[in-house]
Amino acid sequence: MVKKSIIALAVVALLVTVVQADDPVIKRDGDWPWTYKAIDLCIMPVYMDVGHYVQLKECNKRELILKQVDCESIGKGGDDFPCYSGCEEIEVKANFPAIFGGKLSKIGPILKDTSVYWTDDLNQINGGGDWEKLEVCIDAWKAEIWKASEPDDETHVGDLTINVKPPDTGS
């Protein structure tokens, strides 16, 4: 009887070992040869510090051409002759509210007095990531066209730099 009890305990001990080997933390495929399966243990979110981005569509294809206008059309008088004006529509997008500016760097002696401005004083976008249109303009008066080396409908007289910044937060 004692012998049968020892055999029964041995069988029970083997069953307990088999149950532990089938624990869901470690799995085994079939019989030999066998491999372990990977199980998903944890899912964690991944974050990225993106920062601000802004883009001006096809900047390398943009140019602003000044054409002669009546000085009165740009708010100037007869003493300001000759007067020129031109605008260029740009498309911009950003992931933040963005305020755009423009700075004219004069090249050569032709441009004297100038003004860079935005049509309807609109130089800010909402910054939702979609393309938005703005129009930048330049007026020039008292231009010294006699200083041009030759007549040309595309005389390079300056470079317009578009800049951008987020609005001031007041802090």
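Residues numbered from 1 in each chain as written. Predicted model: local features only at pLDDT ≥ 70, side-chain atom pairs only at ≥ 80, totals over all residues. Heavy atoms only, no water.

Asks: Could you give me a rundown of a negative patch on the surface, with the residues and numbers involved?
Replies: Among the surface-exposed residues, Glu63, Glu150, Asp152, Asp153 and Glu154 lie close enough to one another that they form a single negatively charged patch. Among the structural elements, aspartate 152 can be located in the loop between strand 7 (132-141) and strand 8 (158-165). (Patch = residues over 30% accessible without salt bridge, like charges linked within 9 Å, V, L, I, M, F, W, Y side chains within 5 Å. Areas by Shrake-Rupley, 256 points an atom, 1.4 Å probe, with all protein chains shown as cover. Salt bridge = Lys/Arg side-chain N within 4 Å of Asp/Glu carboxyl O. Lys, Arg positive; Asp, Glu negative; His and termini not counted. Charge placed at Lys NZ, Arg CZ, Asp CG, Glu CD. Helix = DSSP H or I, 4+ residues; strand = E, 2+ residues; numbered from the N terminus.)

Asks: So what's going on with the pattern of salt bridges? Which residues, and what values?
Replies: All chains considered together, the criterion is met by seven salt bridges. In this structure, the salt-bridge partner of glutamate 91 is lysine 57, at a minimum N-O distance of 4.0 Å. Within this pair, whereas glutamate 91 is found in strand 3 (residues 83-94), its partner lysine 57 is found in the loop between strand 1 (54-56) and strand 2 (67-69), the two being separated by 34 residues in sequence. Salt-bridge contacts for glutamate 88 lead to arginine 62; the nearest nitrogen and oxygen are separated by 3.4 Å. You can see glutamate 88 sitting in strand 3 and its partner arginine 62 sitting in the loop between strand 1 and strand 2, a full 26 residues away along the chain. By relative accessible area, glutamate 88 is classed as buried at 19%. Judged by its relative accessible area of 27%, arginine 62 is partly exposed. (Buried < 20%, exposed > 50% of the residue type's maximum accessible area, 1.4 Å probe, protein only.)

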